[in-house]
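# A look at the structure
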Amino acid sequence: MSSPSNTLIDLSLRSYAELRAPNRHDYVQLVLPMHGQLLLEIEGKTGRVDTQQGVVIASGAWHAQHSQVANSSIIVDVAESAVTAGHWQRLLDNPYMALGQGARKLIEYMGLMAQQQILTPALARGWTPLLLDTLVLDVPQPMSRLSALLVRVQSDPGQPWSTDTMARCACLSVSRLHALFRSELQTTPHAWLLQQRLSRACELLASSKTTIAQIALAAGFSDQSALTRAMRDSIDVTPSAYRRQRRETRSKVQ
């Protein structure tokens, strides 16, 4: 699969109050309000962002932000090397951007994940290209939708995923989803999902004392027998044997 169109440094949820001394940084920053509004001074020019309008601050630009009302914004920091062309350049040419319905939904989603402290770096990286497409094009591209889907499934493969639910989550047809998996990952959605579930099961077997039956369900298998069959077919070992081997390996290392 090709590399994403961004190099994410950080994604966080922040609030602002009084005006502070201007500062600048060596990365590009997106300011996307979830609620309230902010006043910004960028290179001596004043502007406002709210739930209908965000802003991109260029690398090296002196800026300061403040607000007199309660506010919360998603802040996306991206390496300067990633924004020399394409969508990012379009945003930098017109830094104040309208936030359409699709963009607001993505901002709300990322804000919710941040509030619940489950916005992992991988999840943030997967959703940022989708956000970028939505900000610039209003309609995300299939590759961005696939990237976001992959990290969402990887974050919780135990959910009742199927090819149909994955396609709906990515807002793609089932046939388009299959085509993207073939061209980008050289596999099928079903085979890829099985590998994610096996990886999660192996991780839990190695790191927890949870029963194999509970691990099977947590990883998305219907029962312990289904997990046993899948592990035998994939890596030629049963769950109990795998757990025993990992414990013996750790004991030797210690």
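Our subject is the structure listed above.
Residues numbered from 1 in each chain as written. Predicted model: local features only at pLDDT ≥ 70, side-chain atom pairs only at ≥ 80, totals over all residues. Heavy atoms only, no water.

## Considering the packing of helix α7 (residues 189-207) against helix α9 (residues 224-235)
Basically, it comes down to this: Between N-to-C directions, angles span 0 to 180 degrees; the directions come from axes that are lines fitted to C-alpha atoms, helices contributing only their stretch in contact. A helix here means a DSSP run of H or I that spans at least four residues, while a strand means a run of E at least two residues long, and both kinds are numbered starting from the N terminus. Any angle between 65 and 115 degrees counts as roughly perpendicular, while under 35 counts as roughly parallel, over 145 as roughly antiparallel, and the rest as oblique. Residues are treated as being in contact if the distance between any of their heavy atoms lies within 4.5 Å. Residue polarity follows a fixed list, in which Ala, Val, Leu, Ile, Met, Phe, Trp, Tyr, Cys and Pro are nonpolar, Asp, Glu, Lys and Arg are charged, and the others, Gly among them, are polar.
Running from N to C, α7 and α9 cross one another at 105°; their axes reach a closest spacing of 11 Å. When the axis of α7 is compared with that of α9, the two are roughly perpendicular. Contacts from Leu194, Gln195, Leu198, Ala201, Cys202 and Leu205 of α7 reach α9 at Leu227, Ala230, Met231, Ser234 and Ile235. Broken down by class, the residue content of the contact of α7 with α9 amounts to nine nonpolar, two polar and no charged.

## With respect to the pattern of salt bridges
Put simply, the rule reads: For salt bridges, the criterion is a side-chain nitrogen of Lys or Arg within 4 Å of an Asp or Glu carboxyl oxygen. To sort residues, take the accessible area from a 1.4 Å probe on protein chains only and compare it with the maximum for the residue type: under 20% means buried, over 50% means exposed, and anything in between is partly exposed.
In this structure the tally under the stated criterion is five salt bridges. Notably, a salt bridge pairs arginine 14 with aspartate 10, separated by 3.9 Å at the nearest N-O pair. When its relative accessible area of 27% is taken as the criterion, arginine 14 is described as partly exposed. The class of aspartate 10 is partly exposed, set by a relative accessible area of 32%.

## Things to note about the nonpolar core
Basically, it comes down to this: Joining through side-chain atoms within 4.5 Å is the link that ties buried Ala, Val, Leu, Ile, Met, Phe, Trp, Tyr and Cys residues into a set, and such a set is a nonpolar core.
Grouped together as the largest cluster of nonpolar side chains are 31 residues, with contacts concentrated most on Leu32, Val76 and Trp88. Among the elements of the structure, β1 (8-14), β2 (27-35), β7 (72-79), α1 (86-93), α2 (101-115), α3 (121-137) and α4 (142-155) are those that each provide at least two residues to this core. In terms of residue count, α3 provides more of this core than any other element does, eight residues in total.

## Regarding α9
We apply this condition: The span you would expect from a helix comes to 1.5 Å times its residue count less one. Within 3.5 Å is the distance limit for a polar contact, defined as a pair of N or O atoms, with the added protein rule that one can donate a hydrogen and the other accept it, and that residues adjacent in sequence qualify only through two side-chain atoms.
Along its twelve residues, α9 runs 16 Å from first to last C-alpha, staying within 8% of the 16 Å computed at 1.5 Å per residue. If you check the start of α9, you find a side-chain oxygen 3.2 Å away from the backbone N of serine 225, and it comes from aspartate 223.

## Regarding the sheet that holds strand β3 (residues 38-42)
Under the convention used in this document: Whether two strands pair depends on DSSP finding at least two bridges between them.
Taken in spatial order, the three strands line up as β4-β3-β6 in an open sheet, and their pairing is antiparallel. Since the sheet does not close on itself, it has two edges, and those belong to β4 (45-49) and β6 (63-66), each with one partner. Each strand of the sheet is rotated relative to its neighbour by a mean of 20°, with strand direction disregarded. The pairing of β3 with β6 spans four bridges and is classified as antiparallel. Across the sheet, the residue bridging to glutamate 41 is alanine 64, located in β6.

## As for the side chain of serine 72
Take serine 72: it is sitting in strand β7. Judged by relative accessible area, which is 7%, serine 72 ranks as buried. If near-sequence neighbours (up to four positions away) are discounted, serine 72 is found in contact with Leu13, Arg14, Ser15, Pro33, Met34 and His35.

## Topic: the sheet that holds strand β8 (residues 96-98)
Pairing in this open sheet of five strands is antiparallel, and the strands run β1-β7-β2-β5-β8 from one edge to the other. The sheet is open, and its two edges are formed by β1 and β8, each paired on a single side. The average undirected angle you get between the axes of adjacent strands in this sheet is 20°. Bridging between strand β5 (residues 53-57) and β8 involves three bridges; their strand directions are antiparallel. Each residue of the ladder has a partner; that of glycine 54, found in β8, is methionine 97. Running over the sheet, α2 touches β1, β2 and β7 and is turned about 90° from β2.

Everything listed here is a matter of geometry and, on its own, says nothing about what the molecule does.
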